[in-house]
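# A structural walkthrough
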Amino acid sequence: PHHIIGLSQDISERKRIEEEQSIVKLIIETSNNMLFRWDNKPNWPVIYVTDNVSRILGYSGEELLLGEVRYSEILHPEDIGRIKKEIAYYHSNKIRYYEHEYRLICKDGSVKWFEDRTSVILNSLGEVMYYQGILIDITERKNSEMKIQRSLKEITNLKFALDQSAVVNIVDTDFNIIYVNDKYCEATQYTRDYLIGKQYKIKEADETTIDMIETIKSGDIWKGELMLKRKEGGELWFYTTVIPLKD
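Residues numbered from 1 in each chain as written. Predicted model: local features only at pLDDT ≥ 70, side-chain atom pairs only at ≥ 80, totals over all residues. Heavy atoms only, no water.

### Considerations on the overall build of the protein chain
- Scanning the protein chain for helices and strands turns up 9 helices and 9 strands.
- Restricting the contact set of the protein chain to residue pairs at least 6 apart, pairs at least 24 apart contribute 39%.
- Counting every atom, the protein chain has about 17,400 Å² of accessible surface; 53% of that belongs to carbon and sulfur. (Helix = DSSP H or I, 4+ residues; strand = E, 2+ residues; numbered from the N terminus. Contact = heavy atoms within 4.5 Å. Areas by Shrake-Rupley, 256 points an atom, 1.4 Å probe, with all protein chains shown as cover.)

### Things to note about the environment of Tyr71
- Looking at the secondary structure, you find Tyr71 in helix H4 (residues 71-74).
- With relative accessibility at 3%, the residue Tyr71 sits in the buried group.
- Separated by 33 residues in the primary sequence, Tyr71 and Trp38 have C-alpha atoms spaced 8.8 Å apart. (Buried < 20%, exposed > 50% of the residue type's maximum accessible area, 1.4 Å probe, protein only.)

### Some words on the side chain of Thr118
- Mapped onto the elements of the fold, Thr118 is located in strand S4 (residues 111-122).
- What makes Thr118 buried here is its relative accessible area of 1%.
- Here the side chain of Thr118 touches Asp116 through a polar contact of 2.6 Å, side chain to side chain.
- Among all residues touching Thr118, those that are not within four sequence positions of it are Trp38, Arg96, Tyr97, Tyr98, Tyr131, Gln132 and Gly133. (Polar contact = N/O pair within 3.5 Å; in protein donor to acceptor, adjacent residues only side chain to side chain.)

### A look at the sheet that holds S4
- Spatially, 5 strands are ordered S2-S1-S5-S4-S3 in an open sheet, and the strand pairing comes out antiparallel. Lying at the two open borders of the sheet, with one neighbouring strand each, are strand S2 (46-49) and strand S3 (97-105). Strand-to-strand twist of the sheet, defined as the mean angle between neighbouring strand axes without regard to direction, takes the value 30°.
- Note: strand S1 (residues 33-39) against strand S5 (residues 128-137), 7 bridges, orientation antiparallel. Bridging across to S5, Asp39 finds its partner in Tyr130.
- The strands touched by helix H5 (residues 77-92) within the sheet are S3 and S5, with S3 carrying the most contacts at an inclination of about 165°.
- The strands touched by helix H6 (residues 139-165) are S3, S4 and S5; relative to S4, the strand with the most contacts, the crossing angle is about 125°. (Pairing = 2+ DSSP bridges. Axes fitted to C-alpha atoms, helices over the stretch in contact; angles between N-to-C directions.)

### Some details on the confidence of the model for the protein chain
- For the protein chain, mean pLDDT is 85; residues scoring 70 or higher make up 85% of the total.
- Per-element mean pLDDT across the protein chain ranges from 56 in helix H1 (residues 12-29) up to 96 in S3. (pLDDT = per-residue confidence, 0-100.)

### Quick word on a nonpolar patch on the surface
- Taken together, the side chains of Ile170, Ile178, Ile221, Ile243 and Leu245 make up a nonpolar region of the molecular surface, amounting to roughly 500 Å² of accessible area.
- Along the chain, the position of Ile221 falls in the loop between helix H9 (207-217) and strand S8 (222-229). (Patch = residues over 30% accessible without salt bridge, like charges linked within 9 Å, V, L, I, M, F, W, Y side chains within 5 Å. Salt bridge = Lys/Arg side-chain N within 4 Å of Asp/Glu carboxyl O.)

### Description of H5
- Over its 16 residues, H5 runs 24 Å from end to end, which matches the ideal 22 Å to within 8%, given 1.5 Å per residue.
- Taken together, the buried positions of H5 are Asp79, Ile80, Ile83, Glu86, Ile87 and Tyr90. Projected down its long axis, H5 carries its buried residues within an arc of 135°, all on one side. Turned more than 90 degrees off the buried face of H5, the exposed positions are Lys85 and Ser92.
- The inward-facing, buried residues of H5 contact H4 and S3. (Expected span 1.5 Å × (residues − 1). Arc of directions from axis to C-beta.)

Laid out in structure tokens, this is it:
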């Protein structure tokens, strides 16, 4: 040939975008987060998923992309009804970004919690093409929250049982009353509003009370008989356990 013509096109921007996408994909796939794209069809067919899905959920990307495993099938049955209602609400109100939490069932039968941050992707006509979501594994956080909730429930139940069977009051380090239960009010005939903030008269204490004070100040539990005076007169004697609460 007598001449050679070379035509060049600037693809720097395209290469920059490809490099950024590659970095984002690497970050996602080396974490416990997954990127999903779901088609705008019933049961949310998966049209894209990052490769780390097999490490996190146990399903291969191929199983999900070919529809061998439907996304709706791995949603926890206790969550799927709520998720459908939420998505219907977002769609009817044209909300294009939303977050919700739900459980997915892994291939081995275990269950994991995820926070789903979904963006609705539209075409040039403003129609929904697909949904794109970043799924963040929050299993550890949810398990901790549930453990705390169980502990709080146990404490509430124990407090209820104690309040039904015992006279209970709590004082601060200066022996100011900061809590009394209903049975304490019934026994003494004083209202809770009257009692809260009142201080026990330590200077007038007898030997038993002094022994109790010295014991609990040393951080030990004291047990013995104590007397309470009633508002309308009279005395009530109780076998009492005093427990110092430490920070």
